[in-house]
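# Chain and residue survey
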Amino acid sequence: MDIGIDLGTANTLLYVRGQGIVLNEPSVVAVKQGGKHGSVLAVGTEAKETIGRTPGSITAIRPLRDGVISDYEAAEQMIRHFVRKVAPGRRPRTRMVVCVPSGVTPVERRAIVHAAQSSGARAVHLIEEPMAAAIGAGLPVAEPRGSMVVDIGGGTTEVAVISLGGVVTAQSLRVGGDRLDEAITDHVRKEHGLLIGERTAEDIKVAIGSAWPVPGEDAFEMRAFTVRGREKVAGLPKTVELTVREVRSALDEPVEAVISAVKATLEECPPELSGDVMEHGIVLTGGGALLPGLDLRLASATGIPVFVAEEPLDSVALGCGKCVEDFDGLERMLGAA
């Protein structure tokens, strides 16, 4: 069996050759505190439900931080669980293609390979996330033409200009959806004296988060988002209301960091490829691409048309899947890189 894995900070997607994307679950593992990682109680969707709600004897772990493995044993358990879920029973040792951020260190790459091998893979290929995202978004990566992709995941933002099957210039920024959530958490704590969890921050981002004024915002602004949490000083339950403009201001710093990474990549791009990007535009992928107004703000900052991929959440997994469907082509591409 051949499997492609988009091992994301927020979610892990599995693509099985000939079947397509067969699994999309949160990258979370719930284990007994004080015990070994062998005492796994829940993985994926079931484990995410326990975040912020576990008793003292149970800990919810996110094995990946900033796009790379931070807890090797938990990551190994998670990958093994997901592989068994899509291929139950006895099976031959599999071949895997795993997506990694372009800025990972050799140590981090080895950790990912070892985790995949420990889960039952007989061969592991690594492909950089911006390349997989570009393939999944349908960009002509094999042509002698510059294509620019901005993949905003849970832990990292990958910005790359690709031509002739290779990454010409790239920036890997450890800012993503998690950093947006943290910005909201920090703002609510500082401005309203309210402590909220990461799940509440994510709910706020999805409900009223934006990077640029959106059409009909005046009417939308009236829909203040009610937030419940714990008062920082007294420690008692408290309720506050957040507005669209307030949340957009809270998200300004991480959004600007993404825009700065795009500008830095464009500055390093060869002139001929810069012309291609100006003509064909920038493609946004990843969960962060769904932040309302981000495409408009990026276009305003760069003067280049910006488009959101048709399936931004699945672009990396789909690109990884195309490599799984053609292992020979992947090996030729990696060999030429």
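Higher on the page you've got the structure.
Attention here is on the structure that accompanies the text. All values reported here derive from a predicted model rather than from experimental measurement. (Residues numbered from 1 in each chain as written. Predicted model: local features only at pLDDT ≥ 70, side-chain atom pairs only at ≥ 80, totals over all residues. Heavy atoms only, no water.)

## A look at the sheet that holds strand E16 (residues 237–242)
For clarity, the cut-off: Two strands make a pair as long as DSSP finds a minimum of two bridges between them. A run of H or I in DSSP counts as a helix once it spans at least four residues, and a run of E counts as a strand once it spans at least two, with each numbered from the N terminus. Contact between two residues is taken to exist if any of their heavy atoms lie within 4.5 Å; hydrogens are not considered. Axes here refer to lines fitted to C-alpha atoms; in helices the fit is confined to the stretch in contact. Angles between the N-to-C directions go from 0 to 180 degrees.
Taken in spatial order, the three strands line up as E14-E15-E16 in an open sheet, and their pairing is antiparallel. Single-partner strands in this sheet number two, and they are strand E14 (194–195) and E16. Here helix H5 (residues 177–192) sits on the sheet in contact with E14 and E16, set at roughly 105° to E16. Contacts from helix H6 (residues 198–208) reach strand E15 (225–231) and E16 within the one sheet, and its direction differs from that of E15 by about 165°.

## Structural notes on empty space enclosed by the protein
The cut-off we apply is this: Put simply, the grid is 1 Å and covers the protein atoms alone, a cavity is a trapped set of points that fit a 1.4 Å probe, a pocket is an open set with protein on both sides within 12 Å along at least five of seven lines, and lining residues have an atom within 4 Å of a point. Grid points are joined across faces, edges and corners, and a volume is the space filled by probe spheres set on the points. In this classification, the charged set is Asp, Glu, Lys and Arg, the nonpolar set is Ala, Val, Leu, Ile, Met, Phe, Trp, Tyr, Cys and Pro, and all remaining amino acids, among them Gly, are polar.
Scanning all chains against the criterion turns up one cavity of 30 Å³ or more. Looking at the largest cavity, its volume works out to about 60 Å³. Contributing to the lining of the largest cavity are Ile 152, Val 175, Gly 176, Leu 180, Val 255, Val 258, Gly 288, Leu 291 and Leu 294. Residues belonging to the lining of the largest cavity are distributed by class as follows: seven nonpolar, two polar and no charged.

## Some words on the packing of H5 against H6
To be explicit about the condition: Oblique is the label for any angle not covered by the other classes, which are roughly parallel (under 35 degrees), roughly antiparallel (over 145) and roughly perpendicular (65 to 115).
Their axes nearest at 9 Å, the elements H5 and H6 cross at an angle of 100°. Classified by the angle their axes make, H5 and H6 are roughly perpendicular. In contact with Gly 177, Leu 180, Asp 181, Ile 184 and Thr 185 of H5, H6 contributes Glu 198, Ala 201, Glu 202, Ile 204 and Lys 205. Taken together, the residues of the contact of H5 with H6 break down into four nonpolar, two polar and four charged.

## Focus on the nonpolar core
As a reminder of what qualifies: We call a set of buried Ala, Val, Leu, Ile, Met, Phe, Trp, Tyr and Cys residues a nonpolar core when their side-chain atoms join them within 4.5 Å. We call a residue buried when its accessible area falls under 20% of the maximum for its residue type, exposed when it is over 50%, and partly exposed in between, using a 1.4 Å probe and counting protein chains only.
Counting residues in each nonpolar core, the largest one holds 39 residues, and the members touching the most others are Met 148, Val 150, Ile 204, Leu 251, Val 255, Val 262 and Ile 282. No other element matches helix H9 (residues 252–268), which puts six residues into this core. Other than its neighbours up to four places away in sequence, Val 255 contacts Leu 180, Ala 211, Leu 291, Leu 294 and Arg 297. Listed in part, the 32 residues of the second largest apolar core include Ile 3, Leu 7, Ile 61 and Ala 74.

## Structural notes on unusual backbone geometry
The backbone of Leu 164 sits at a positive phi, close to 55°, despite the residue not being glycine. Tracing the backbone shows Leu 164 in the loop between strand E12 (157–163) and strand E13 (166–173). The class for Leu 164 is exposed, based on a relative accessible area of 59%.

## Details of the sheet that holds E13
Reading across the sheet, the five strands line up as E13-E12-E11-E17-E18 and stay open at both edges, with mixed pairing between neighbours. Edge positions in the sheet fall to E13 and strand E18 (306–308), since each of these pairs with one other strand and no more. For this sheet, the mean angle separating the axes of adjacent strands, direction not counted, is 20°. With seven bridges joining them, E12 and E13 adopt antiparallel strand pairing.

## So, the environment of Ala 299
When you line up the elements, Ala 299 lands in helix H11 (residues 294–302). Taking relative accessible area as the criterion, Ala 299 reaches 23% and is therefore assigned partly exposed. For Ala 299 and Gly 281, which are 18 residues apart along the polypeptide, the C-alpha to C-alpha distance reads 9.1 Å. When neighbours within four sequence positions are excluded, Ala 299 is seen to be in contact with Ile 304 and Val 306.

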